[in-house]
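Take a look at the letters that make up each chain.
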Amino acid sequence: MFVPRPLLWSLPALLAFLVSPLHAFTPPASAPNAAIPLRGGGTPVATPSQQRALEASPGWRAFVADHGSWTALWNAGTGSPHRAFGPAIALAGFRDDPAGVDQAVRRFIASQPAVFGTGVQLETAGIVKARGLWYVHYRQTLSGLPVLFADWEFRVGVDGRLMAFGIDAHRVDPGSIRKPTLVPAAARVAAVSGLSFDAGRDRIEGAERVFLLPRIMEQGLEYRPVFDVRVHTVDPPGNWITLVDAETGEVLWRQDRVRYAIQGTVTGLVHPTIPTEPVVSRPFPHLRVNVGPTPATTNASGAYSAAAAGTVTVSAQLSGSFCDVNRQDAADASFSTSASDPATVDIAWGPPSHEAERDGYLHVTLAHEHAKAIDPGFTGNDYPMPCAVNIASTCNAFWDGTGVNFFLAGGGCPNTATMPDVVYHEYGHGVNDNLYVQAGAPQGLNNGALHEGMADVYAALLQDDPNVGKGFFGVGTVLRSIDNTARWPENRSGDPHITGLIIGGAFWDLRQAVGLAVARQLSHFSKYGTPDDLNDGVAMSEFFIEALVADDDDANLGNGTPHDNEIVAAFNAHGIGTVFFTSITHVPLADQTGPGPYTVTATIQYTAAIGAIDPATATLHYRVNGGSFVTVPLTPTGNPNEYSAQIPGQSGAIVRYYLSVEDTFGEQSTSPSRAPAEATHVFLAGTTTNLLAHDLETNPGWVAGATGDGAISGVWTRVNPLGTFQGGEPVQPEDDHTAAGTMCFITGQHTAGQGVGFNDVDAGQTTLTTAAFDATGTPAPLIEFWRWYTNDLGGSPGEDVWRVDISSDGGGNWTSVENTSASENSWRRIVLLVSDHVTPTNNMKLRFIAEDAGAGSLVEAGVDDFRLFHFDQQVAVGETEPASDLALSSATPNPFSTTTWLRFRLSSAGRAELRIYDVNGRLVRSLAEGAREAGEHAVAWDGRDQSGRVVPSGSYFARLALGDREVVRTVVRMR
């Protein structure tokens, strides 16, 4: 896998540069001030086969024998249980205080050397008690160097019973640990590589201690000594945690603690506006008022008092115990007057103080009160938090690691300090970071998606309103909403704000199920477990586990928690609950030339903290050609976690199939994921003969470009592709599909050193059309090709569509074959029977269309290995059912996004009805009703109901009726 390396300068060159008169360092425009992902970072979750091997290890088997049916989600890199759960274990010598808990846990670790290792050196990172539960966090050291991103987590009830733990145990010969050769001063200089750094105003700090950074490389775990350096930049604002290799000076990882919450691109001629509520008078609590030399603080009602002798000066600014407002475009608002004891001096903040100052002070203070009301023991934000307002920019706000910052009105956006939910969101970042620090994570919360998602949750639950950024683009507009259906991994994105909507949606669903008070408690106290990982999916699944831990009332997850059904349902609705811990491992069947039957075998495993797989639900679903799906139970084979079923033998057929299973909470998992609406496994049954085959190593006369194309980049081209990746996910393929080939058609070749979005499809569509080919001479020609398509990364994932059309008249008219917004991020095989779509002719063409019509997703597509062929034994056309005088073919395309065609045949004239019903039997749309002539007919359905409303995604039934006879077909709508 190709991973772009960061810009590197030699240390002498950097030192000379920084002391030269030209003190403003501006890196190349291709990647200014960019985060640098950790190559080989994040927890590598064990594959099912690795999981089985680790569970079978003598040490873990002995542990289970001693302590009961504990299950684990394993770290494949370290071979240790990243998260483990089971019957509660009484800790010997437990005492209900930090020292007692520490001693009991360490004693337990020492008693289990096969699991935890021998002679493990652990620093205590944090031992805190929250809601009657002890959260114990350690940091492992090797050769005296603390290991970064390695979990040693233990959850202990007040009765001294261990209910869960998780470790990333690094076992390595101390002699193999490399020694640092770089001095701290040189590391601080190297840390600015790739950043806009102005030595006159920016600063560098840190590098006081060397840490050990583990990375998963091709040869196994690698350990690099690194300095932890912090680079603070003013323009653009940045607080960069930077890990510098202590041998080479290379920046191995960089993460910005500045959390931009509100971002957007606004165009148009508009008047700048502010939120629409009229200003009203409200008390200002916790404000500091100076009465002569005596400071006083207002109470919840805004009242203050202080003794004074004679005439004194009473003064105040918008500064108090938990917020200190600093105006960036003018002097800070202030108040001052003289008074003699006794006197009543009311301070009414209004003009000339700026509304951003007043709003910033009050809403930061209210956000602090909200956190303290939930958790009085949280002290991380008990300081006068800096609140900068009227920063000379627009349409944004950010948390900088210490305080909150808000921009002036302009560019179509209001002053962000005047938007309460924006203030609450930014303050939520502060809760995230500082609670993690208090709980034992010195760098705070690292995962960007968790940071953004839980800041949205903080703002939403404070106001009990799922919308964040209300009025951001004008009256009635909303920037984001956590009342959503975003799901992992389908809706993941390179933008953490977008990915964060997944966990935000889970907590809003939970709020609806358990009420506001419980949702506030669980969203907050889950953070004491410091769920975090560089892998977004792992990080969010850890938050699910910690929500269960926070909800537990007896230090035993095995018997459930008070709200476990609601928690599971809420997180499963977004793909980060128990479904995350279910795996169906199956090697798809290759094409079959034998008579069958065809055995399908799969391994099904479950590693969640609660619940189990329901074996009775394990099912094989298959269909032949265009027929309906047939279900067959998957039954145990006798091998651990292995199931199998058989597909009956076929001759000359396209067989599509998928596997499914449910856990005891009713959550279904499938292989492939998103089956059957968006993907199935497919194989050909019977021998075939090629009529035409193109591996695209040379151009067979295909044409890039067509009328209607408007893409300004990412136009189809035939090349050896250069792979691109975002967040570890492939965007453009690294290789073509042909086993011994190199060339394929892709949408725009990448250029080394450019950003991941360079030359992807932008601002329109691009079309690739095959040369004409002859599909006659056989009664049932088929077409096969392999395609790559991704649109699920970037700022607006999942909004763009991939289309494939077929023509039987050389391109004069086109019929849809594929119309989907589902990404694959891998090569996918497509097989189709020509007669399902058009009548085969000697003047056929296919065209492939990739389009960027959304607001910023990364769109990349590819096509390879095209062939026209037929079965040596004739394929059955259409549905596999006896011929009759009433026939309804499968919808084409199916699934569909915008329009699908339903074709039916009547052997005699009569009154026919073609209607669409939902899964509950309710009429959705009448497509045809009345007298029809004998023969073939076709009707389009645009995915709308009788009232013209677009129907939700899901399965529907098309029912064709003629007298007392009827035929029903399934139609899948996918938005």
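Check the entry above for the structure.
This is a predicted model, so every value here is computed, not measured. Within each chain, residue numbers correspond to sequence positions counted from 1 in written order. Where totals are concerned, whole chains, interfaces and linings use all residues; where local detail is concerned, this predicted model gives features only for residues with pLDDT of at least 70, and gives and counts side-chain atom pairs only at 80 or more. Water and hydrogen atoms play no part in the side-chain values, which are based on all heavy atoms of the structure.

### Structural notes on the sheet that holds strand β50 (residues 923-932)
With antiparallel pairing, 4 strands are arranged side by side in an open sheet as β50-β49-β52-β53. Here the strands that pair on one side only, and so sit at the sheet edges, are β50 and β53 (965-973). Here the average twist between neighbouring strands, direction ignored, is 15 degrees. Strands pair, by our definition, only if DSSP identifies at least two bridges between them. Helix numbering and strand numbering both begin at the N terminus, where a helix is a DSSP run of H or I of at least 4 residues and a strand a DSSP run of E of at least 2. Where strand β49 (residues 910-917) and strand β52 (residues 954-962) come together, 6 bridges link them in antiparallel fashion. Opposite leucine 914, over in β52, you have leucine 960 as the bridge partner. Only C-alpha atoms enter the line fits that serve as axes; for helices the fit covers just the stretch in contact. Angles between N-to-C directions range over 0 to 180 degrees.

### Describing the pattern of salt bridges
The salt bridge definition used is simple: a Lys or Arg side-chain nitrogen within 4 Å of an Asp or Glu carboxyl oxygen. If you walk through the whole model with that rule in mind, you get 37 salt bridges. We note a salt bridge from arginine 487 to glutamate 667, for which the minimum N-O separation is 3.3 Å. Pair noted here: arginine 487 is in the loop between β24 (480-481) and α10 (496-514) and glutamate 667 is in the loop between β31 (653-663) and β32 (668-671), with a separation of 180 residues, a long-range link. The partly exposed category is assigned to arginine 487, whose relative accessible area is 22%. Remark: exposure states derive from per-residue accessible area (1.4 Å probe, protein chains only) relative to the maximum for the residue type, with buried under 20%, exposed over 50%, and partly exposed in between. For glutamate 667, a relative accessible area of 17% puts it in the buried group. When the shortest N-O distance is used, the salt bridge between glutamate 818 and arginine 787 registers 2.7 Å. Taken together, the residues span a long stretch of sequence, with glutamate 818 in strand β43 (residues 815-820) and arginine 787 in strand β41 (residues 782-790) at a distance of 31 residues. Since its relative accessible area comes to 11%, glutamate 818 is described here as buried. Among the charged side chains, a salt-bridge network with shared partners connects Arg178, Arg224, Asp245 and Glu247.

### Comments concerning the nonpolar core
The criterion is simple. A nonpolar core is a set of buried Ala, Val, Leu, Ile, Met, Phe, Trp, Tyr and Cys residues joined through side-chain atoms within 4.5 Å. The biggest cluster of nonpolar side chains holds 120 residues, and the ones touching the most others in it are Phe406, Ile503, Tyr528, Phe571 and Ile647. Top element by residues in this core is helix α12 (residues 536-551). It accounts for 9 residues. Two residues form a contact once any of their heavy atoms are found within 4.5 Å. Apart from the residues within four sequence positions on either side, isoleucine 647 is in contact with Pro597, Tyr598, Val600, Leu620, Tyr622, Val655, Tyr657 and Phe683.

### Remarks on the sheet that holds strand β29 (residues 635-636)
Here we have 4 strands laid out as an open sheet, ordered β25-β26-β30-β29, and antiparallel in their pairing. Single-partner strands in this sheet number two, and they are β25 (582-585) and β29. Here strand β26 (residues 598-606) pairs with strand β30 (residues 642-647) via 6 bridges, running antiparallel. By the bridge assignment for β30, threonine 601 is matched with serine 644. Lying on the sheet, helix α2 (residues 48-55) is in contact with β25 and β26; it crosses β26 at an angle near 55 degrees.

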